Amino acid sequence: MTWDITGMSAVANVGATPSKIFAALCAGRESRRPLMAFDPDKYRAAYAYEIDDLPEGGGDLPRRATRWLTTVVRQAAADAGLGEDLAQVPVLVGTTMREQRSLELWWRDGADVVLEDLHFGTALAAAFGACTTYTFANACSASLYALGLATDMIEGGLADTVVVAGTDAATEGGFGTLDRVQNDLPDALRPFDVTHKGMLMGEGAAAVVVQRAGTGSGPVHARVRGVSMGCDAHHATAPDPDGITRAVLDAHRRAGVRASDIDLVMLHGSGTPRNDTTEASVLRQIFQGAGAGPRMTAIKAMTGHTLGGSGLLSLVMAVLAMKNETVPPILGLTDPIPEAAGLGLVQGSPTADDLSLAQIDAFGFGGINAVAIVEAAR
């Protein structure tokens, strides 16, 4: 059983379209910048992966997450040939912070924010006439949760077409919390490298249009084969190897594939020592005996951690990797952690390969895990 992806869009710190983001990932340019939205003197960390659309002279604007959301939904819908009337199309949004940044600006600076503007559904209704909108705040797995629920809606006969999106802007509350709870001071997000010290926030949004197989009017970018969703509730922040193992194996089961079938893994790769060692150890066990094993990359090394939308952003990049038969490298990875020994981590420069099946990992705080399997459309 598969579901067609007929429209895609994304915006991140390194590009305003999927193709520009993918090109930047392949180029491997350093993309972190000195913190712009907040007063850097308050924090140990001085860098973030922010989108450069802030006012000159510093400061921040409300409703940026909403603005990016409507942009990527509009572009994905156009890509799928849907137009801007989504009155009959459910729109599912995954996020971590929603519009928390707008509330911070209202509280601190008296920014003009009304209650209705804190709900993504308000903007989606105004821009597209969307009548059925849902927001899922499932931590860093939120947008892949939304994808899984979209496939359930289609199979349950509730819709033939669903728009799935994810969006998050950096918030001072979130940035400050990470700044205080991380043991070391990261100056860059370096997944799976022995120098990794922790996570830094990124910003962005992504959207895809998912349709019942064969019902779309245009080209198919890729096909969703299966999505696993679960919460192991093992710990508030520490990932659980057993929970992640169950998530990956359940995704393989739902997709009807084996570990040896996977050509590409888009790693969660948050750059925290605990996540990197756990994810690497689990994947070594799962792909043990699977031949040469899949290529693996982690885009947060260039985009930062884009929170609720990160899973869907990785998925869009996986689709482009399969189309271009090219895997971007993990920026800054020169000395992999011992737990990653034997994994096909792409280092230094892009790697050309024939890619037909991709696995996308998203593991959130609280053990909220989601894994998607996507197949190239050929």
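In the block above lies the structure referred to throughout.
Residues numbered from 1 in each chain as written. Predicted model: local features only at pLDDT ≥ 70, side-chain atom pairs only at ≥ 80, totals over all residues. Heavy atoms only, no water.

1. Topic: empty space enclosed by the protein
- Tallying each qualifying case throughout the model produces three cavities of 30 Å³ or more.
- Quantified by volume, the largest cavity comes out at close to 60 Å³.
- What lines the largest cavity is Arg44, Ala45, Phe175, Leu178, Asp179, Gln182, Leu185, Pro186, Met199, Leu200 and Met201.
- Class assignment of the residues belonging to the lining of the largest cavity gives a composition of eight nonpolar, one polar and two charged. (1 Å grid on protein atoms, 1.4 Å probe; cavity = no way out; pocket = protein on both sides within 12 Å on 5 of 7 lines; lining within 4 Å. Points joined across faces, edges and corners; volume = space filled by probe spheres on them. Nonpolar A, V, L, I, M, F, W, Y, C, P; charged D, E, K, R; others polar.)

2. With respect to the packing of helix α5 (residues 142-155) against helix α10 (residues 310-324)
- In contact at an axis separation of 5 Å, α5 and α10 are set at 70 degrees when each is read in the N-to-C sense. Compared by their axis directions, α5 and α10 come out roughly perpendicular. Note on element contacts: α10 touches α5 through Ser310, Gly311, Leu312 and Leu315, opposite Ser143, Leu144 and Leu147.
- For the contact of α5 with α10, the residue count by class is four nonpolar, three polar and no charged. (Axes fitted to C-alpha atoms, helices over the stretch in contact; angles between N-to-C directions. Helix = DSSP H or I, 4+ residues; strand = E, 2+ residues; numbered from the N terminus. Parallel < 35°, antiparallel > 145°, perpendicular 65-115°, else oblique. Contact = heavy atoms within 4.5 Å.)

3. Focus on the state of the cysteines
- This model, assessed by the stated rule, comprises zero disulfides.
- We note that cysteine 231 lacks a disulfide partner, and the nearest cysteine sulfur, in cysteine 140, lies 13 Å from it. (Disulfide = S-S within 2.5 Å.)

4. Here we look at the sheet that holds strand β10 (residues 295-297)
- Taken in spatial order, the eleven strands line up as β5-β4-β6-β7-β1-β8-β15-β14-β9-β10-β12 in an open sheet, and their pairing is mixed. Looking at the sheet topology across the chains shown, the edges are occupied by β5 (133-136) and β12 (344-345).
- Where strand β4 (residues 91-94) meets strand β6 (residues 161-168), four bridges bridge the pair, whose relative direction is parallel. Note that in β6 the partner of valine 93 across the bridge is alanine 165.
- Sitting on the sheet, helix α2 (residues 64-79) is in contact with β1 (3-12), β4, β6 and β7 (204-212), with an inclination near 140 degrees to β1.
- Together, β1, β4, β5, β6, β7, β8 (222-231), β14 (357-364) and β15 (368-376) form the strand contacts of α5, whose direction differs from that of β8 by roughly 115 degrees. (Pairing = 2+ DSSP bridges.)

5. Here's the deal with helix α3 (residues 100-109)
- Those residues of α3 lying buried are Arg101, Ser102, Glu104 and Leu105. Buried residues of α3, seen end-on, are gathered within an arc of 155 degrees and therefore sit on one face of the element.
- Tucked inside the fold, the buried residues of α3 contact α6 (172-181).
- Taken from the residues just after α3, glycine 110 is the one with a positive phi, measuring 70 degrees. (Buried < 20%, exposed > 50% of the residue type's maximum accessible area, 1.4 Å probe, protein only. Arc of directions from axis to C-beta.)

6. Thoughts on the side chain of threonine 66
- Its location among the elements puts threonine 66 in helix α2.
- On the accessibility criterion, threonine 66 (2% relative accessible area) is buried.
- Other than its neighbours up to four places away in sequence, threonine 66 contacts Glu99, Asp117, Phe120 and Ala123.

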